[in-house]
Amino acid sequence: MNSWKRIYPFLSVIFSVILLFGCMGNEDKGPSNEVYIYSARHYDVDNMLFKKFTEKTGIKVNVINGKAEELIERLKREGKNTQADLFITVDGGILNKAKQAGILQPSSSPTIDQNVPKELRDPDNQWIGLSTRARVIVYSKDRVKPEQLSTYEDLAKPEWKKKVLVRSSSSLYNQSLLASFIELNGEQQAEQWSKGIVKNLARTPEGGDRDQAKAIVSGVGDVALMNTYYIGLLMNSKDPEEVKVGKSIGVIFPNQNTTGTHINISGIGLTKHSKNKENALKLIEFLTSEEAQSMISKENFEFPVNKKADLPELLKSWGTFKTQKIDFNKLGKHNAKAIEIMNKTGWK
């Protein structure tokens, strides 16, 4: 017992030294110099921007790519153990789904508020818009006169029987377009429009947006629904045949005298259990800056959310246009009903 009493003071000193050096080690590490992203956007320009952000700040950007629904489920499953600081995806409906799943938290700063208009941010600041794209009508310049069309509803009229081309009902872009119809016009009118589209199809829905444009040039159909950024990608492709396709189609921004053209959004949200919140906010501020927004528009032909950003000549040539005035979260609210209507009307 006496020997233990003699040893005890020395042990206390040793433990104190270990604790002191342990704390010093933690202080040396300082805050993390990284940020982790779960992203459902798969564009080259995003990686270019992450690299530029790292060059400017020294903050390393780690990206895990995947499908939006899978990433949302992963974030729910990982909970507090997740590495993800930010969630990025396309489509207002998916952003709303992430919000409703409880995987996000509010994020804001004076810089973000200045960069992004209120209507392109979630009302509760759980996501911030990064870019928008319009879903427009494209047509064959050889076979269609633009004055023949002015609304989405026109595509469901009998005169376009066997002339309409469109992606499948599994496309989020089409689901959200129909969801916007439900919000603006009600379920009954949305169903009638879907029926009309199915009756007028030139072929069973297949392929992506660019495939619809190619089918117009091949004479399969005369008109199609496309997102604007795909038109830019066609016209600036390294493939001469794709450039030819892009130049052979005309563009109509529908419903300028009624409800406006449907637009959808890409957005970013701070995860609920972010461990690098300060770095994450810095990245959001950068991605919504004039510099980054100009780059998104130049490289991917998306419309910037920052009004000070530069536009490529193609987007400038289209001029300004009236857009639908609806809460992007409504696209998620009506998604299930939109899918139900598509299934009911035979939109495959």
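A brief look at the structure comes next. The shown structure was predicted, so the numbers you read here are calculated from the model rather than taken from an experiment.

Things to note about the overall build of the chain
Helix and strand counts for the chain stand at 15 helices and ten strands. Classification of the 348 residues of the chain by burial places 53% in the buried group. Within the chain, residue pairs in contact and separated by at least 24 positions form 79% of the contacts whose partners lie at least 6 positions apart. Split by element, the accessible area of the chain, about 17200 Å² in all, is 51% carbon and sulfur. Counting 50 positive and 41 negative side-chain charges, the chain places the centres of these two groups 3 Å from one another.

Re the environment of Leu-95
Mapped onto the fold, Leu-95 is located in helix H4 (residues 92-100). On a C-alpha basis, the gap between Leu-95 and Leu-331 in space is 9.4 Å, while along the polypeptide they are 236 residues apart. When residues no more than four places from it in sequence are discounted, the contact partners of Leu-95 are Thr-89, Trp-127, Ile-265, Ser-266, Gly-267 and Ile-268.

So, helix H2 (residues 44-57)
The first and last C-alpha atoms of H2 sit 20 Å apart over 14 residues, in line with the 20 Å expected at 1.5 Å per residue. Along H2, the residues classified as buried are Val-45, Asp-46, Leu-49, Phe-50 and Phe-53. The buried residues of H2 all sit within an arc of 140° when viewed along its axis, so they share a single face. Opposite the buried face of H2, at more than 90 degrees from it, the exposed residues are Asp-44, Lys-51 and Glu-55. Positive backbone phi, at 80°, marks Gly-58, one or two positions downstream of H2.

Side note on the packing of helix H8 (residues 209-217) against helix H10 (residues 240-248)
One way to put it is that H8 packs onto H10 with a least axis distance of 9 Å and a crossing angle of 75°. One finds that H8 runs roughly perpendicular with respect to H10. Contacts between H8 and H10 pair Ala-213, Lys-214 and Val-217 from the former with Glu-242, Val-245 and Ser-248 from the latter. Classifying every residue of the contact of H8 with H10 by side-chain character gives three nonpolar, one polar and two charged.

Side note on the packing of aromatic side chains
Under the defined criterion, the tally for this structure stands at twelve aromatic pairs. Measuring from ring centre to ring centre gives 6.5 Å for Phe-303 and Trp-318, while their planes differ by 50°; the resulting arrangement is tilted. Of the two residues, Phe-303 is situated in strand E10 (residues 303-304) and Trp-318 in helix H13 (residues 313-318); the sequence distance between them amounts to 15 residues. Using a relative accessible area of 10% as the deciding quantity, one classes Phe-303 as buried. Classification of Trp-318 by relative accessible area gives buried; the value is 17%. By the ring-pair criterion, three or more aromatic residues cluster together here, those being Tyr-43, Tyr-173, Tyr-229 and Tyr-230.

Concerning the nonpolar core
Ranked by size, the top nonpolar core spans 85 residues in total, and within it Leu-86, Trp-193 and Leu-283 carry the most contacts. Counting residues per element, this core draws most heavily on strand E5 (residues 128-140), which supplies seven residues. Setting aside residues no more than four positions away along its own chain, Leu-86 makes contact with Val-35, Tyr-36, Ile-37, Tyr-38, Ile-268, Gly-269, Leu-270, Thr-271, Ala-280, Leu-283 and Ile-284. In this structure, Phe-87, Ile-94, Ala-98 and Leu-104 belong to the second largest nonpolar core, which totals twelve residues.

As for the pattern of salt bridges
For the structure shown, the criterion picks out 22 salt bridges. For the salt bridge of Arg-135 with Asp-209, the shortest nitrogen-to-oxygen distance reads 2.8 Å. Pair noted here: Arg-135 is in strand E5 and Asp-209 is in helix H8, with a separation of 74 residues, a long-range link. We classify Arg-135 as buried; its relative accessible area is 1%.

Conventions adopted
Residues numbered from 1 in each chain as written. Predicted model: local features only at pLDDT ≥ 70, side-chain atom pairs only at ≥ 80, totals over all residues. Heavy atoms only, no water. Helix = DSSP H or I, 4+ residues; strand = E, 2+ residues; numbered from the N terminus. Buried < 20%, exposed > 50% of the residue type's maximum accessible area, 1.4 Å probe, protein only. Contact = heavy atoms within 4.5 Å. Areas by Shrake-Rupley, 256 points an atom, 1.4 Å probe, with all protein chains shown as cover. Lys, Arg positive; Asp, Glu negative; His and termini not counted. Charge placed at Lys NZ, Arg CZ, Asp CG, Glu CD. Expected span 1.5 Å × (residues − 1). Arc of directions from axis to C-beta. Axes fitted to C-alpha atoms, helices over the stretch in contact; angles between N-to-C directions. Parallel < 35°, antiparallel > 145°, perpendicular 65-115°, else oblique. Nonpolar A, V, L, I, M, F, W, Y, C, P; charged D, E, K, R; others polar. Phe/Tyr/Trp six-rings, centres within 6.5 Å; stacked < 30°, edge-to-face > 60°. Core = buried A, V, L, I, M, F, W, Y, C linked by side-chain atoms within 4.5 Å. Salt bridge = Lys/Arg side-chain N within 4 Å of Asp/Glu carboxyl O.

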